[in-house]
Amino acid sequence: MMKLCVKIYDKKKYLEINKLKEKYYITTAIAYTSGKPHIGNTYEAILADSMARFKRYQGYDVFFQTGTDEHGQKIEEKASVAGVSPKVFVDGVADEIKRIWNLVGVSYDKFIRTTDEYHEKQVQKIFKKLYEKGDIYKGSYEGWYCTPCESFWTESQLVDGKCPDCGRPVVKSQEEAYFFKMSKYADRLMEYYNEHPEFITPVSRKNEMVNNFLKPGLQDLCVSRSTFKWGIPVDFDNKHVVYVWLDALTNYITGVGYDADGNHLDGYNKFWPADVHVIGKDIIRFHTIYWPIFLMALDIPLPKRVYGHGWLLQDGGKMSKSKGNVMYADDLVDYFGKDAVRYYVLNAMPQDNDGLISWESVIDTINSDLANIFGNLVSRTIAMSNKYFGGLVKDANVNEPVDAELKEVATSAVKKVTAKMDEFRISDALSEVFTLFRRANKYIDETMPWVLAKDESKKDRLATVLYNLTESIVIGASLLYPFLSDTCKKVFAMLNVELRGYDQLGEFGKLTQTTVTASPEILFARLDGAKIMESVNAMIASRSKPEITQPKKEEKPMIDIEDFAKVELKVAKVIACEKVEKSKKLLKLTVKLGEETRTVVSGIANAYTPEELIGKKITMVTNLKPAKLCGIVSEGMILCAEGEDGTLSVLSPARDVEDGSSIS
Ligand code: MSP
């Protein structure tokens, strides 16, 4: 009885008493299956993933849904060009999207597809329900249709005679269609906006909706089409298929188990209404006008918030397939590794604007933030703990005034990061963490441990300094964990500590003592920008060239014997070899050079299986600066010949020689 009263008056208390976690339902837009998603679409999945992981870390019971929007004329056309059925086509693209989401670590709880049987059935029932209620009626439509956006427009909505959303040409179209009575709910929607000022973030987007759509008066919305077949049939009039937005938007309720007959699955009862829909700025109208109105018509509570993020735009011009410069997440991950890509895109997007991206700035950001600020702090701290205390980190409590500021920055970080996350200011949340890392680096300069180390009487002060640094890293890496989980796990392993619990982060000094690793790994190797850009430009050029023309082999200038002598070449024996999990092109080889063993990453996975290489003697450059590929440090380069058709062949000595033998 007591519990019931508490439940009614104070939900938070009720959850606490019953040891239940508060739920949090977060979704991304569902991506069109018209082709491979570029880094812009992938950004949204990474963004929502970081938000979901942060909520999980805070202790919420999170349900994170993403998926694919698979119906519509455009997809029907693409499938026909590809010579396959629409279902076969969307199956392929949906698999590719899942692969990419997995590659960048999207920790979704559900991947919904609008071709899922449960979803299709419910959309049919919803359509019928709204028709029987009188909110959907049959009429005839004459208007302007934008095929890529799947949107009808009235004459007055066009901008210079073109689609107001994408600027592409529209075609005049007339057909019998079903309509939804939008205007009936306009006042209620306005009320909802006023009562829930946080509904649309950022607020500038709310003003846009009110001024451009609600105030001028809502038009009834066309919710069926009869000029193409690839959609969910209206079951009582199967000349028609459901217009994609009604189909697509309902994924948010069908995914958790909404049932139009009222027999909802548990997931719906538990998780609906959604706590936030994360979407791009171009589809805010659909999510903050049509979607809430559909829900009102169905008597379903509205989502709490809609966050419309900006777009990632390519610095120096629009991404275009014909220029070959579209940036894809899998290429970026191949070059830089998952966590670096996640950090880069999250950091690149401000909340109120678009974000500019380029290959060059990925390299700069990795070098400046991840290698110099974060990586360096961790490696310097571990190295000094090893050098001065054999790895033992323990507070000796010899405090000085300079410690106070570091401790203050460290202990206030959790509040600051959380506040930014609550406002959906993700790049600002990341910079709060980096403020702590920067402060810790400055603390090293201020305390100068190498000077303290020279004076035996300062040994305890030195221990305190290293303890303070380690503790700051644990707090910072714990806050960074939802964003860069693999990297932070490595940090915890090297420090020999656990992820610090969210509610423990406001206090300094939770670490009792630890012994750090004696052989720390480099978290982010500094990248050689010029070298990487050479390879990136070659990749872009090979993608933009017409299929049939052969690339012109570049002639290299003559060199002196001294130039050649700079290159150290040796015979190596492959003792182990495996595929690099996150990459289609890369193999990781362990090679023996006499006494020495090295790891080399090589782009030969298309030419060799690991088994073919194990035991082989090969040749390699051994004095190339180490480079990180897919998170693995490569300590050399395997020599290969490339045939006219691009086939790669590893070079081996013609007679058997000892591994480690030099080549000249
Ligand atoms: N299928 C619709 C959404 C239906 S939701 C019920 C759709 N699909 S989309 O594939 O075109 O876009 C998916 C998401 O990616 C959208 O939120 C869109 O705004 C976002 N982005 C598309 N290009 C983008 C960038 N360049 N940058 C950031 N986000 C981008 O719209």
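Residues numbered from 1 in each chain as written. Predicted model: local features only at pLDDT ≥ 70, side-chain atom pairs only at ≥ 80, totals over all residues. Heavy atoms only, no water.

Colleague: Give me the lowdown on the overall build of the protein chain, citing residues and values where you can.
Modeller: Scanning the protein chain for helices and strands turns up 23 helices and 27 strands. What you see for the protein chain is a C-alpha radius of gyration of 29 Å, in line with the 26 Å of a compact globule of 664 residues. Taken along the three principal axes of its C-alpha coordinates, the protein chain extends 80 × 70 × 45 Å. For the protein chain, with 664 residues in total, the buried portion stands at 51%. Pairs at least 24 residues apart make up 74% of the contacts formed inside the protein chain by residues separated by at least 6 positions. Surface accessibility of the protein chain: about 30800 Å² in total, with carbon and sulfur atoms responsible for 51%. The protein chain carries 88 positive and 93 negative side-chain charges, and their two centres are separated by 2 Å. (Helix = DSSP H or I, 4+ residues; strand = E, 2+ residues; numbered from the N terminus. Rg over C-alpha atoms; globule rule 2.2 N^0.38 Å. Buried < 20%, exposed > 50% of the residue type's maximum accessible area, 1.4 Å probe, protein only. Contact = heavy atoms within 4.5 Å. Areas by Shrake-Rupley, 256 points an atom, 1.4 Å probe, with all protein chains shown as cover. Lys, Arg positive; Asp, Glu negative; His and termini not counted. Charge placed at Lys NZ, Arg CZ, Asp CG, Glu CD.)

Colleague: Describe the pairing of strand E20 (residues 596-602), listing the residues and the values that go with them.
Modeller: Bridge analysis of strand E19 (residues 587-593) against E20 gives 7 bridges, and the strand direction is antiparallel. Within the sheet, the bridge partner assigned to Val 591 lies in E20 and is Arg 598. Here E19 hands over to E20 after 2 residues, with Gly 594 in that stretch at a positive phi of 65°. (Pairing = 2+ DSSP bridges.)

Colleague: Any chance you could break down the sheet that holds strand E6 (residues 151-153) for me, citing the residues and the numbers?
Modeller: Across the sheet, which stays open at both edges, the 4 strands sit in the order E6-E5-E7-E9 with antiparallel pairing between neighbours. Edge positions in the sheet fall to E6 and strand E9 (221-222), since each has one partner strand and no second. Inspection of the sheet shows strand E7 (residues 171-180) paired to E9 by 2 bridges, in the antiparallel sense. Note on E9: the bridge partner recorded for Phe 180 is Leu 221. The strands that helix H12 (residues 284-297) touches are E6, E7 and E9; relative to E7, the one it contacts most, it runs at about 30°. (Axes fitted to C-alpha atoms, helices over the stretch in contact; angles between N-to-C directions.)

Colleague: Quick rundown of the nonpolar core? Include the residues and the values.
Modeller: Ile 26, Phe 336, Trp 359 and Leu 480 are the most contacted members of the largest nonpolar core, which has 112 residues in total. The leading source of residues in this core is helix H15 (residues 359-389), at 13 residues. Beyond its immediate stretch of four places on either side in the chain, Phe 336 contacts Val 341, Trp 359, Val 362, Ile 363, Ile 366, Leu 527 and Ile 532. The next biggest cluster of nonpolar side chains, apart from the first, holds 57 residues, and it includes Tyr 185, Tyr 243, Phe 271 and Ile 293. (Core = buried A, V, L, I, M, F, W, Y, C linked by side-chain atoms within 4.5 Å.)

Colleague: So, the packing of aromatic side chains: which residues are in play, and what are the values?
Modeller: Under the counting rule described, the total for this entry stands at 34 aromatic pairs. Measuring from ring centre to ring centre gives 5.4 Å for Tyr 258 and Tyr 268, while their planes differ by 65°; the resulting arrangement is edge-to-face. Of this pair, Tyr 258 sits in the loop between helix H10 (251-254) and helix H11 (266-271) while Tyr 268 sits in helix H11; the two residues are 10 residues apart in sequence, bridging distant segments of the chain. Given the relative accessible area of 2%, Tyr 258 is considered buried. The rings of Tyr 25, Phe 63, Tyr 252, Phe 271, Trp 272 and Trp 291 are connected pair by pair, giving a single aromatic cluster. A cation sits over an aromatic face here: Lys 55 above Tyr 60, 4.3 Å from the ring centre. Positioned over the ring face of Phe 286 is Arg 285, at 4.6 Å from the centre of the ring. (Phe/Tyr/Trp six-rings, centres within 6.5 Å; stacked < 30°, edge-to-face > 60°. Lys NZ or Arg CZ within 6 Å of the ring centre and 35° of its normal.)

Colleague: An account of the packing of helix H7 (residues 186-195) against helix H8 (residues 203-214) is needed here, citing residue identities and associated values.
Modeller: One way to put it is that H7 packs onto H8 with a least axis distance of 12 Å and a crossing angle of 160°. In terms of their interaxial angle, H7 and H8 are classed as roughly antiparallel. Handedness of the H7/H8 crossing: left-handed. Here Ala 186, Leu 189, Met 190 and Tyr 193 of H7 lie close against H8, whose contacting residues are Lys 206, Met 209, Val 210 and Leu 214. A breakdown of the residues in the contact of H7 with H8 according to their chemical character gives 7 nonpolar, no polar and 1 charged. (Parallel < 35°, antiparallel > 145°, perpendicular 65-115°, else oblique. Left-handed = near helix turned anticlockwise from the far one by under 90°. Nonpolar A, V, L, I, M, F, W, Y, C, P; charged D, E, K, R; others polar.)

Colleague: Could you give me a rundown of helix H19 (residues 459-480), with the residues and numbers involved?
Modeller: Taking 1.5 Å of rise per residue, the 22 residues of H19 would be expected to cover 32 Å, and the 31 Å separating its terminal C-alpha atoms lies within 8% of that figure. Judged by how many residues are buried, H19 sits mostly within the fold: 20 of 22 residues are covered. (Expected span 1.5 Å × (residues − 1).)

Colleague: Which residues make up the site of the ligand, and what are the values?
Modeller: Close to the ligand lie 23 residues; Ile 30, Glu 44, Asp 69, Gly 280 and Asp 282 are nearest. Measuring from a nitrogen atom of the ligand, one finds a backbone N or O atom of Gly 40 at 3.2 Å. Trp 311 is positioned such that a nitrogen or oxygen atom in its side chain is 3.3 Å from an oxygen atom of the ligand. Burial of the ligand by the protein amounts to 93% of the accessible area it has alone, namely 660 Å². Looking at the shell around the ligand, the elements with two or more residues in it are strand E2 (31-32), helix H3 (39-58), helix H9 (244-249), H10 and strand E12 (276-280). When grouped by side-chain class, the residues that make up the shell around the ligand number 12 nonpolar, 8 polar and 3 charged. (Near = heavy atom within 4 Å. Polar contact = N/O pair within 3.5 Å; in protein donor to acceptor, adjacent residues only side chain to side chain.)

Colleague: Can you explain the packing of H7 against H12? Please cite residues and give values.
Modeller: Where H7 contacts H12, the two axes come as close as 10 Å, and the packing angle between them is 110°. As summarised for this structure, H7 and H12 are arranged roughly perpendicular, according to the angle between their axes. Residues Arg 188, Leu 189, Tyr 192 and Tyr 193 of H7 pack against Thr 288, Ile 289, Pro 292, Ile 293 and Met 296 of H12. A per-class count over the contact of H7 with H12 returns 7 nonpolar, 1 polar and 1 charged.

Colleague: Account for the pattern of salt bridges, with residues named and values stated.
Modeller: Here the idea is simple: oppositely charged side chains can pair when their charged atoms come close. Taken as a whole and judged by the stated rule, the model has 42 salt bridges. Of the charged contacts in the structure, one is a salt bridge between Arg 99 and Glu 96, with a shortest N-O distance of 3.2 Å. One end of the pair is Arg 99 and the other is Glu 96, both in helix H5 (residues 86-103) and 3 residues apart, which spans about a single turn. Overall, the relative accessible area of 27% leaves Arg 99 in the partly exposed class. Residue Asp 135 pairs with Lys 133 through a salt bridge whose shortest N-O separation is 3.7 Å. Each of the salt bridges in this network shares a partner with another, and the network as a whole consists of Lys 36, Glu 96, Arg 99 and Asp 330. (Salt bridge = Lys/Arg side-chain N within 4 Å of Asp/Glu carboxyl O.)

Colleague: Give me the environment of Gly 506: which residues, what numbers.
Modeller: By the secondary structure assignment, Gly 506 is in the loop between helix H20 (485-495) and strand E17 (513-515). When the C-alpha positions of Gly 506 and Glu 408 are compared, they lie 9.4 Å apart, and in sequence the two are 98 residues distant.

Colleague: So, a nonpolar patch on the surface: which residues are in play, and what are the values?
Modeller: Among the surface-exposed residues, Trp 311, Leu 313 and Leu 356 lie close enough to one another that they form a single nonpolar patch of about 280 Å² accessible area. Within the element layout of this structure, Leu 356 appears in strand E15 (residues 355-357). (Patch = residues over 30% accessible without salt bridge, like charges linked within 9 Å, V, L, I, M, F, W, Y side chains within 5 Å.)

Colleague: Please provide a residue-by-residue account of unusual backbone geometry, values included.
Modeller: A cis amide bond, omega -5°, links Thr 201 with the succeeding residue Pro 202. Topologically, Pro 202 is positioned in the loop between strand E8 (200-201) and H8. Residue Pro 273 follows Trp 272 across a cis peptide bond; omega there is 5°. Tracing the backbone through its elements, the reader meets Pro 273 in the loop between H11 and E12. A positive phi angle, close to 45°, is found at Met 448, a residue other than glycine.

Colleague: Account for helix H21 (residues 529-544), with residues named and values stated.
Modeller: A rise of 1.5 Å per residue sets the reference length of H21, with its 16 residues, at 22 Å; its end C-alpha atoms lie 22 Å apart and thus fit the reference within 8%. For H21, the full list of buried residues reads Ile 532, Met 533, Val 536, Met 539 and Ile 540. Buried positions in H21, seen along its axis, are confined to an arc of 120° and lie on one side of it. Away from the buried face of H21 by more than 90 degrees, exposed residues Ala 530 and Glu 534 are located. Looking at the buried positions of H21, the neighbouring elements they touch are helix H13 (329-336) and H15. (Arc of directions from axis to C-beta.)

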